[in-house]
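Chains, contacts and geometry: an overview
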Amino acid sequence: MRVAPSPTGDPHVGTAYMSLFNLAFARQQGGQFVLRVEDTDRARFREDSEQQVYDTLRWLGLDWDEGPDRGGPYAPYRQSERLETYKPHVDKLLADGHAYLCWCSGERLTQMREDQQKRKVPTGYDRLCVGKTAEERAALPGYSPTPVVRMLVPDEPPLSFVDLIRGEVNAPRPDDQVILKGDGFPTYHLAVVVDDHLMGITHVVRGEEWISSTPKHLLLFDWLGWERPQFAHMPLLRNVDKSKISKRKNPAARLTWFQEQGYLPEALLNFLGLLGYSLPSGEEVFSFAQMSESFDWGRVNTVGPVFDLDKLGWLNGHYVRELSEQDFAARALPFLVSAGLVSLPVSEDELAVLASVVPLVQTRVAVLSELPDLVRFLFVDEDVFRVDPAAAAKALGEGSGAVLTAAADALSAVEQWSAETVQAAIDGALLEGGLGLKRGKAYTPLRTAVCGASIAPPLPESIALLGRERALRRLRAAAGA
């Protein structure tokens, strides 16, 4: 099995999706999982992208047995380092009459396609160069001195094949595909076939957009005298409007986005599995091990699943609540550092504050990126503490001063400072026996004044954690505003 991403930007979530299904089957069968970097598209190549692929797949626990970073029996695993590997196979195809040189310029090919579109005929290469020498072709218009190599597709190519997921599949007739570009780099279609054969790939699992290309690959396998691998074409991930999920239109198509937002890797892995697979038991919450153990291509969905972030949020919330408090704190810490709330190296005092607030917030976040706003009030220095203007406009209007002052006066008399004594003091001052307010009406201005926001951990616990001096300072400052 192999996954073969192109390093052309932030890794696509589809790379993880395909890796998951490849790895689940490979592990079940006791096979090998290969990571191959297909970097022959030099125009879109981005140097940092390959490392991002490694980092994000490892973050998800989708580790590989062979690859550029760890070697293996079929190294090298970067296509740009395998250029000499492809040339003999191109030469064989040319010698056997299955391929030919094409000297058509880009301008001529563009004009040809435009003319075909105007005449409403299928677009495709018109084979002007077939059977011609370089001299004969140079005498005709639209000549380029640097040729490419094209497949010579027969009149009746193999168009049907058996798919592990879909059964018998029929694909459209292929064009005379370019297999070697003028710069000496192979195109995807040649390189993938050569590499899959030489690396011993027995099962090719990829997106359904490659169904139309499969006849080209079958021809190349047959022409080169190689055994065909088995194919499984996965349904494509879809946006809510059923369009194909893409990095240009949807930030969630970027695999790094899920790390930035604070999704847990186990939740994302579960979600990706759920998009294309169902356990025999029907359970929606399952581990990679459970998926791999039960894996059956017959249980893979053939309909493009909708990438529902609400469902992912629900799953992530489940996994967040399942974490131990220590694990949750460890995973949350980088987000506090990124928000500038915690220093590096982290001080003992900061770790103590984080440990004390975790029980109050762990059930209140769906993703870890929500945490900094919830706990900011505990970590900021008093000289930079600010109340959110929108929250202040709603909660600190006319009449709030008396509530805040009454709460501050009551709290200043508390001797044993704890969440229980804090609650008793503010309830006594503001509810029945005090100002006679309902708890919601009483707590809202206090929460805004002390936490700086309308959404925060439970109020008595927040005030207790903040400490007497800082709590009183904020209450009196807001009362006098």
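The following paragraphs examine the structure supplied in this document. (Residues numbered from 1 in each chain as written. Predicted model: local features only at pLDDT ≥ 70, side-chain atom pairs only at ≥ 80, totals over all residues. Heavy atoms only, no water.)

1. So, the overall build of the chain
Looking only at helices and strands, the chain has 20 helices and 9 strands in total. In terms of overall dimensions, the chain is more spread out than a globule: its C-alpha atoms have a radius of gyration of 31 Å, far above the 23 Å expected for 481 residues. The C-alpha extent of the chain, read off along each of the three principal axes, is 100 × 50 × 40 Å. Out of the 481 residues belonging to the chain, those deemed buried represent 50%. Put simply, 74% of the contacts in the chain that link residues at least 6 apart link residues at least 24 apart. Here the chain displays about 22300 Å² of accessible surface, and carbon together with sulfur accounts for 51% of that area. Of the side chains in the chain, 51 bear a positive and 64 a negative charge, and the two mean positions are spaced by 6 Å. (Helix = DSSP H or I, 4+ residues; strand = E, 2+ residues; numbered from the N terminus. Rg over C-alpha atoms; globule rule 2.2 N^0.38 Å. Buried < 20%, exposed > 50% of the residue type's maximum accessible area, 1.4 Å probe, protein only. Contact = heavy atoms within 4.5 Å. Areas by Shrake-Rupley, 256 points an atom, 1.4 Å probe, with all protein chains shown as cover. Lys, Arg positive; Asp, Glu negative; His and termini not counted. Charge placed at Lys NZ, Arg CZ, Asp CG, Glu CD.)

2. Some details on the packing of helix α9 (residues 265-276) against helix α11 (residues 309-322)
Their axes nearest at 9 Å, the elements α9 and α11 cross at an angle of 140 degrees. Regarding the angle of α9 to α11, the classification is oblique. Here α9 runs over α11; the crossing is right-handed. Note on element contacts: α11 touches α9 through K311, L312, L315, N316 and Y319, opposite E266, A267, L268, N270, F271 and L274. Split into classes, the residues belonging to the contact of α9 with α11 amount to 7 nonpolar, 2 polar and 2 charged. (Axes fitted to C-alpha atoms, helices over the stretch in contact; angles between N-to-C directions. Parallel < 35°, antiparallel > 145°, perpendicular 65-115°, else oblique. Left-handed = near helix turned anticlockwise from the far one by under 90°. Nonpolar A, V, L, I, M, F, W, Y, C, P; charged D, E, K, R; others polar.)

3. Quick word on the nonpolar core
Side chains that are nonpolar tend, in soluble globular proteins, to be buried together. Within the largest apolar cluster, 106 residues are counted, with the highest numbers of intra-cluster contacts made by F258, W297, F307 and F328. Among the elements that make up this core, the one with the highest residue count is helix α1 (residues 13-29) (10 residues). (Core = buried A, V, L, I, M, F, W, Y, C linked by side-chain atoms within 4.5 Å.)

4. Describing α1
Taking 1.5 Å per residue as the helical rise, α1 with its 17 residues ought to reach 24 Å, and the 25 Å between its terminal C-alpha atoms agrees with that figure. A large share of α1 lies buried, amounting to 14 of its 17 residues. Where α1 ends, the next residue or the one after it, G30, has phi of about 70 degrees, a positive value. (Expected span 1.5 Å × (residues − 1).)

5. Brief notes about the environment of Q423
Among the structural elements, Q423 can be located in helix α17 (residues 419-430). For the pair Q423 and L459, spaced 36 residues apart in the sequence, the C-alpha separation amounts to 8.2 Å. In this structure, Q423 is in contact with R439, Y443 and P460, ignoring residues within four places of it in sequence.

6. Quick notes on the side chain of E350
Its location among the elements puts E350 in helix α13 (residues 348-361). Of the buried charged residues, E350 lacks a salt bridge, with R470 as the closest side chain of opposite charge at 11 Å. Once you skip the residues sitting within four places of it in the chain, E350 turns out to touch L341, V342, S343 and F379. (Salt bridge = Lys/Arg side-chain N within 4 Å of Asp/Glu carboxyl O.)

7. Some thoughts on the pattern of salt bridges
All told, the structure shown has 31 salt bridges when counted by the stated rule. Across the pair D10 and R254 runs a salt bridge, and its minimum N-O distance is 3.0 Å. Placement of D10 in the loop between β1 (2-3) and α1 and of R254 in the loop between β9 (230-234) and α8 (255-261) is noted, with a sequence separation of 244 residues between them. E382 is the salt-bridge partner of R470, the closest N and O atoms lying 2.9 Å from each other.

8. A closer look at the pairing of strand β4 (residues 143-151)
A regular strand carries its side chains on alternate faces of the sheet. Of the pairings in the sheet, the one linking strand β3 (residues 99-104) to β4 comprises 5 bridges and is antiparallel in character. Bridging from a neighbouring strand, C102 pairs with V148 of β4. By the bridge criterion, 2 bridges tie β4 to strand β7 (residues 178-180) in an arrangement that is antiparallel. Considered in β7, the bridge of V149 is made with L180. (Pairing = 2+ DSSP bridges.)

9. Some details on the packing of aromatic side chains
Counted under the stated rule, the structure contains 15 aromatic pairs. Between the aromatic rings of F21 and F295, the centroid separation amounts to 6.1 Å while the plane-to-plane angle is 75 degrees, which identifies the pairing as edge-to-face. Here F21, found in helix α1, pairs with F295, found in the loop between α10 (288-293) and α11; they are 274 residues apart in sequence, far enough to count as distant. In this structure, F21 and F295 share a single accessibility class: buried. Within the aromatic cluster, the residues linked to one another by ring pairs are Y17, F21, F25, Y277, F295 and W297. Directly above the aromatic system of Y125 lies the positively charged group of R150, at a separation of 4.0 Å from the ring centroid. Sitting over the ring of W314, K311 keeps its end group 5.2 Å from the ring centre. (Phe/Tyr/Trp six-rings, centres within 6.5 Å; stacked < 30°, edge-to-face > 60°. Lys NZ or Arg CZ within 6 Å of the ring centre and 35° of its normal.)

10. Quick notes on the environment of G200
Along the chain, G200 falls in the loop between α6 (188-198) and β8 (203-207). Overall, G200 belongs to the partly exposed group, its relative accessible area being 42%. Separated by 126 residues in the primary sequence, G200 and Y74 place their C-alpha atoms 8.7 Å from one another.

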